[in-house]
Amino acid sequence: MRRFRKITVDNVEYKWLFRYDDYDYSKCPYLLIVKKSFSEETWCIYFSITNHFLLNSGLPATFHGKKVVINLNKPSYVSQIIHYCRENKEEISQAGCKRGYKHLDGIKILQKTGYNIPSVFTL
C-alpha cells in the first residue's frame, strides 16, 4: 500500500496520494488530496485517460505553447491543482460527494489551469 506524501501550499499542509484502482475495469487514475488540519475537506480528482500509466510516466500536453509532460507523481503539478481548487472554492463545493470525498474531473482542472491535452489521450 502506498503512503501519503506531504506538501505545503501557501503555508497550509496537505497530504496527497496518486494512484489507480486496479480492481475495477476502468483503471482510472486519481489524485487524493487531504487538508491536514481539516481532514473532512478531501478531494478525489479522477483523470479519465485512455492509458492509466500515462500519468505516471507523463501525459503529453502543451502549456503556453511549449510541449510538456504532466507527471502527477511530481509535487509541482499537485501544487498547481491545489492552487486551482483553493481559488475555485464555489466550483469545488458544488462537486459531487461520494464517501465523504469531493469528486472532481482532473482533465478539466488541468485544462482550466492552462494545459492543452490532446483528445486522443482522454476518454
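Residues numbered from 1 in each chain as written. Predicted model: local features only at pLDDT ≥ 70, side-chain atom pairs only at ≥ 80, totals over all residues. Heavy atoms only, no water.

**Q** Could you clarify how one ought to interpret the pairing of strand β4 (residues 42-46) in this entry?
**A** Here is the key point about a regular strand: its side chains alternate between the two faces of the sheet. With four of five residues buried, β4 lies mostly within the body of the structure. Relative to β4, strand β3 (residues 29-35) is paired through five bridges, and the arrangement is antiparallel. Bridging from a neighbouring strand, Tyr30 pairs with Tyr46 of β4. Summarising the sheet, β4 and strand β8 (residues 101-105) pair through four bridges and their orientation is parallel. Residue pairing for β8: Ile45 is matched across the bridge by Leu104. (Buried < 20%, exposed > 50% of the residue type's maximum accessible area, 1.4 Å probe, protein only. Helix = DSSP H or I, 4+ residues; strand = E, 2+ residues; numbered from the N terminus. Pairing = 2+ DSSP bridges.)

**Q** Explain the side chain of Asn71 here, please?
**A** Looking at where Asn71 falls in the secondary structure, it is placed in the loop between β6 (66-70) and α2 (75-87). Looking at Asn71, its side chain comes within polar contact range of the main-chain nitrogen of Asn73, at 2.8 Å. With near-sequence residues (within four places) excluded, Asn71 lies in contact with Leu55, Asn56, Ser57 and Tyr77. (Polar contact = N/O pair within 3.5 Å; in protein donor to acceptor, adjacent residues only side chain to side chain. Contact = heavy atoms within 4.5 Å.)

**Q** What am I meant to see in the nonpolar core here?
**A** Note on soluble globular proteins: their nonpolar side chains tend to be buried together. Within the largest apolar cluster, 32 residues are counted, with the highest numbers of intra-cluster contacts made by Leu31, Ile33, Trp43, Ile45, Phe47, Ile70 and Ile81. Those elements that provide at least two residues to this core are β1 (5-9), β2 (12-20), β3, β4, α1 (54-57), β5 (59-63), α2 and α4 (106-112). If you tally residues by element for this core, the top one is α2, at six residues. Look past the residues within four positions of Ile33 in its chain and what remains in contact with it is Tyr14, Lys15, Trp16, Glu41, Thr42, Trp43, Ile45, Val78, Ile81 and Ile82. (Core = buried A, V, L, I, M, F, W, Y, C linked by side-chain atoms within 4.5 Å.)

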